[in-house]
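Below are the chains, spelled out letter by letter.
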Amino acid sequence: MARSSTRPTSRDVARAAGVSQAAVSLVLGDKWRGRVSETTAERVREAARELGYRPNLAARNLRLGRTRTVLLVVPALTTEFFAGVYTGAARVAAEHGFGVVLYPSPEGVGPARDPFASAQAALDGVIASSMAADALTAIRGDQLPLVMLDSDPEGSLGAATVNLDIADGVRQVAAHLLALGHRRVLHLAADVPSWTFEVRARELAARLAAVPGTEVRTARAPISIEGALAATEAALTAPGPRPTAVVCDDDKLAAGAYKALRRLGLRVPDDMSVTGLDDLALATALDPELTTVRLDAELFGERGMRALLAVLEGREPDGGDIPVELVVRGSTAPPRPPA
């Protein structure tokens, strides 16, 4: 039978599936659990697919008083990590009839202009990185249902927090370097006032302090290759015993450290081991390829969106940090024996 040229309605779906229009609304609104059977729900979805039915979201939104729009507030998109977060969030949002508006803070971190005349009227909720907390305040996003990413669960502005297990990632880095024999470490720390970077510094210091004879020196740098180059060069030319490994808060910082080491005539990993954190595409573009901690950005975005949906529906979001994984490549090796 040829499909009608007129737009199919929920009545058409109900007739094709042999159910009521109310049942169609429950299934396509994802509110069917406990009210219709799994078999019936699948029959409705199949009928909707066959007919090419799409709910009239504009009419539904008027009834609900909701825009089905979520704002994702992130630092400036200087790496692909936050693009991955957006991809994951948008995929889950689309499954539930929501759209995601990406709002990068223009300065990366710090205050930002409100992109809406009234965020509360234009949005149903906000997912925000703790690195863009000032931008969040500027757009009054903290007055909406809010999920915070990479944020202290004890002091979060949000109704829920979603975190990667960054502390475990740093533990894996520390264990790897200690097992290789490193005892003098330079921590190239991101000069960004954010909980996630505080966790990195605290965990690294604690892990190394637990082993006698270790020493950690800290150099701070903005998250840029140029900033990392300058900070690493200054730290490694300072008086005192030279570190044998550089632990970087971010892969981009590691790239800057590579440049500084080359400028100082030091080879990676023969003279200096280097680690990163993120596992960006940059990590395998470096030579030698970078030992780093892989963070699943898309899963991070997915979990953030699912947590916001739970908040909007009055449910408790899933708990537990997202696991991370150390990826050992060519930038780490045992330290060179003293001459």
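For the structure, check the block above.
It should be emphasised that the depicted structure is a prediction, and the values quoted were computed from it without experimental measurement.

Would you mind going over the packing of aromatic side chains in detail, with residue names and values included?
The full count for this structure, using the stated rule, is 2 aromatic pairs. Seen from their ring centres, Phe 81 and Phe 82 are 5.2 Å apart, and the 85° between their planes marks the pair as edge-to-face. Exposure class is identical for Phe 81 and Phe 82. Each is buried. With 6.2 Å between their ring centres and 45° between their planes, Phe 81 and Phe 300 make a pair best called tilted. Pair noted here: Phe 81 is in helix H5 (residues 81-95) and Phe 300 is in helix H13 (residues 297-312), with a separation of 219 residues, a long-range link. In this structure Phe 81 comes out as buried when scored by relative accessible area, which is 8%. Through a chain of ring-to-ring contacts, three or more aromatic side chains come together here, namely Phe 81, Phe 82 and Phe 300.

Please give an account of the pattern of salt bridges that cites residues and values.
What the rule picks out here adds up to 20 salt bridges. Glu 233 is the partner of Arg 263 in a salt bridge, and the nearest nitrogen-oxygen pair spans 3.6 Å. Linking Arg 263 in helix H11 (residues 251-263) with Glu 233 in helix H10 (residues 225-236), this pair joins segments that are 30 residues apart in sequence. Here the salt bridges share partners, and the residues they tie into one network are Glu 38, Glu 42, Arg 45, Glu 46 and Arg 49.

Account for the packing of helix H1 (residues 10-17) against helix H3 (residues 38-51), naming residues and giving values.
At their nearest, the axes of H1 and H3 sit 9 Å apart, and the two run at 120° to each other. Considered as vectors, H1 and H3 are oriented oblique to each other. Relative to H3, the crossing made by H1 is right-handed. On H3, the residues touching Asp 12, Val 13, Ala 16 and Ala 17 of H1 are Arg 43, Val 44, Ala 47, Ala 48 and Leu 51. A per-class count over the contact of H1 with H3 returns 7 nonpolar, no polar and 2 charged.

Report on the pairing of strand E1 (residues 69-74), specifying residues and quantitative values.
Working note: regular strand, side chains alternate between the two faces of the sheet. Judged by how many residues are buried, E1 sits mostly within the fold: 6 of 6 residues are covered. Both faces of E1 are covered, namely the face carrying Thr 69, Leu 71 and Val 73 and the face carrying Val 70, Leu 72 and Val 74. Bridge analysis of E1 against strand E2 (residues 99-104) gives 6 bridges, and the strand direction is parallel. Looking across to E2, one finds that Val 70 is bridged to Val 100. Two strands pair when backbone bridges link them, and E1 and strand E3 (residues 125-129) are joined in this way by 4 bridges, in the parallel orientation. The partner of Val 70 across the bridge, within E3, is Gly 125.

Talk me through the nonpolar core; I want residue IDs and the actual numbers.
Judged by nonpolar contacts, the single largest core of 70 residues is most densely connected at Phe 81, Leu 188, Val 274 and Met 305. When residues in this core are grouped by element, the largest group, 7 residues, is from helix H8 (residues 166-180). Built from parts of two domains, this core gets at least three residues from each of domain 2 (67-162 + 298-321) and domain 3 (166-295). Apart from the residues within four sequence positions on either side, Phe 81 is in contact with Leu 164, Asp 278, Leu 280, Leu 295, Ala 297 and Phe 300.

Let's hear about unusual backbone geometry: which residues, and what values?
In this chain, Val 268 is followed by Pro 269 through a cis amide linkage whose omega measures 0°. If you trace the backbone, Pro 269 turns up in the loop between H11 and strand E9 (273-275). At the junction of Asp 287 and Pro 288, the peptide bond is cis and its omega measures out at 0° in the coordinates. For Pro 288, the position within the fold is in the loop between helix H12 (282-285) and strand E10 (292-294). Of note, the phi angle at Asp 150 is positive, near 55°, even though the residue is not glycine. Among the secondary structure elements, Asp 150 is positioned in the loop between strand E4 (146-149) and strand E5 (160-162). With a phi angle near 145°, Asp 278 is a residue other than glycine that sits in the positive phi range.

Please set out the sheet that holds strand E6 (residues 184-190) residue by residue, giving values where relevant.
Read across the open sheet, the 4 strands follow the order E7-E6-E8-E9; overall the sheet is parallel. On the outer flanks of this sheet lie strand E7 (215-221) and E9, each paired with one strand and no other. In this sheet, neighbouring strand axes are inclined to one another by 20° on average, regardless of whether the strands run parallel or antiparallel. Relative to strand E8 (residues 245-248), E6 is paired through 4 bridges, and the arrangement is parallel. Along E8, the bridge assignment pairs Leu 186 with Val 246.

About the thresholds
- Residues numbered from 1 in each chain as written.
- Predicted model: local features only at pLDDT ≥ 70, side-chain atom pairs only at ≥ 80, totals over all residues.
- Heavy atoms only, no water.
- Phe/Tyr/Trp six-rings, centres within 6.5 Å; stacked < 30°, edge-to-face > 60°.
- Buried < 20%, exposed > 50% of the residue type's maximum accessible area, 1.4 Å probe, protein only.
- Helix = DSSP H or I, 4+ residues; strand = E, 2+ residues; numbered from the N terminus.
- Salt bridge = Lys/Arg side-chain N within 4 Å of Asp/Glu carboxyl O.
- Axes fitted to C-alpha atoms, helices over the stretch in contact; angles between N-to-C directions.
- Parallel < 35°, antiparallel > 145°, perpendicular 65-115°, else oblique.
- Left-handed = near helix turned anticlockwise from the far one by under 90°.
- Contact = heavy atoms within 4.5 Å.
- Nonpolar A, V, L, I, M, F, W, Y, C, P; charged D, E, K, R; others polar.
- Pairing = 2+ DSSP bridges.
- Core = buried A, V, L, I, M, F, W, Y, C linked by side-chain atoms within 4.5 Å.
- Domains from an automatic or database assignment.

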